[in-house]
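Structural overview for review
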Amino acid sequence: EDTFPRDNILQVLRVSRLVLENCNNKHLYNSLEQLSSLLASDDVEVVTSALQTLVTYVRKHIPPMRGVRWQGDAALNSRLFALAQGAGG
């Protein structure tokens with residue numbers, strides 16, 4: 001029996017995106033390590049949902065004149081880079 005709670009994880013990520021889309025304090029979100037772990041999943045839908053949640057987290061409503069760029073942390077950046085290399089060919 002598969003013990004990976006796929007459907008629950010997808011629902012939590014969906015709700016996380018909804019919360020992040022409607023909050024002003026995204027810096028309080030404390031699940032980046034878990035999102036990073038989900039990027040290593042074998043389930044494409046889980047990886048996609050984790051990436052969508054990450055995009056929602058880094059997307060900020062910043063006036064165009066401010067050039068603020070999210071730097072992330074080294075571990076997450078490394079995982080995203082490895083994921084991008086695998087998707088590129």
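Note that the coordinates shown come from a computational prediction; the quantities given were computed from them, not determined experimentally.

In this section: helix H1 (residues 6-21). Over its 16 residues, H1 extends 23 Å from the first C-alpha to the last, a length consistent with the 22 Å expected when each residue adds 1.5 Å. Among all positions in H1, only Ile9, Leu10, Leu13, Ser16, Arg17 and Leu20 are buried. Viewed along the axis of H1, the buried residues span an arc of 120 degrees, placing them on a single side of the element. Facing away from the buried side of H1, by more than 90 degrees, are the exposed residues Asp7, Asn8 and Val12. Check the buried side of H1 and you find it contacts helix H2 (32-38) and helix H3 (44-58).

A separate point is H3. For H3, with 15 residues, the first-to-last C-alpha span of 21 Å sits near the 21 Å given by 1.5 Å per residue. For H3, the set of buried residues is Val46, Val47, Ser49, Ala50, Thr53, Leu54, Thr56 and Tyr57. Structurally, the start of H3 carries an N-cap: the backbone nitrogen of Glu45 is 2.9 Å from a side-chain oxygen of Asp43.

Time to look at the pattern of salt bridges. Note on pairing: side chains with opposite charge can pair once their charged atoms come close. In the structure shown here, the tally under the stated rule is three salt bridges. Put simply, Arg6 and Glu45 hold a salt bridge, and the shortest N to O gap is 2.3 Å. Taken together, the residues Arg6 in helix H1 and Glu45 in helix H3 connect sequence positions 39 residues apart. In the salt-bridge network here, residues are joined through shared partners; they are Arg6, Asp7, Asp43 and Glu45.

Turning to the packing of H1 against H3, a few remarks are in order. Relative orientation and spacing of two packed helices are given, respectively, by the angle between their axes and the distance between those axes. At their nearest, the axes of H1 and H3 sit 9 Å apart, and the two run at 15 degrees to each other. Accordingly, the angle class assigned to the pair H1 and H3 is roughly parallel. Read as a crossing pair, H1 and H3 show a hand that is left-handed. Across from Arg6, Ile9, Leu10, Leu13, Ser16, Arg17, Leu20 and Glu21 in H1, the residues of H3 making contact are Glu45, Val46, Ser49, Ala50, Gln52, Thr53, Thr56 and Tyr57. Taken together, the residues of the contact of H1 with H3 sort by class into seven nonpolar, five polar and four charged.

Ranked by size, the top nonpolar core spans 15 residues in total, and within it Leu13, Tyr29, Leu32, Leu35, Leu38 and Ala50 carry the most contacts. Counting only elements with at least two residues in this core, the list comes to H1, H2 and H3. Element by element, the count of residues in this core is highest for H3, at five residues. Those residues within four positions of Leu35 in sequence are excluded, and the remaining contacts are Leu13, Tyr29, Ala50, Thr53 and Leu54.

Criteria and cut-off values
Residues numbered from 1 in each chain as written. Predicted model: local features only at pLDDT ≥ 70, side-chain atom pairs only at ≥ 80, totals over all residues. Heavy atoms only, no water. Helix = DSSP H or I, 4+ residues; strand = E, 2+ residues; numbered from the N terminus. Expected span 1.5 Å × (residues − 1). Buried < 20%, exposed > 50% of the residue type's maximum accessible area, 1.4 Å probe, protein only. Arc of directions from axis to C-beta. Contact = heavy atoms within 4.5 Å. Polar contact = N/O pair within 3.5 Å; in protein donor to acceptor, adjacent residues only side chain to side chain. Salt bridge = Lys/Arg side-chain N within 4 Å of Asp/Glu carboxyl O. Axes fitted to C-alpha atoms, helices over the stretch in contact; angles between N-to-C directions. Parallel < 35°, antiparallel > 145°, perpendicular 65-115°, else oblique. Left-handed = near helix turned anticlockwise from the far one by under 90°. Nonpolar A, V, L, I, M, F, W, Y, C, P; charged D, E, K, R; others polar. Core = buried A, V, L, I, M, F, W, Y, C linked by side-chain atoms within 4.5 Å.

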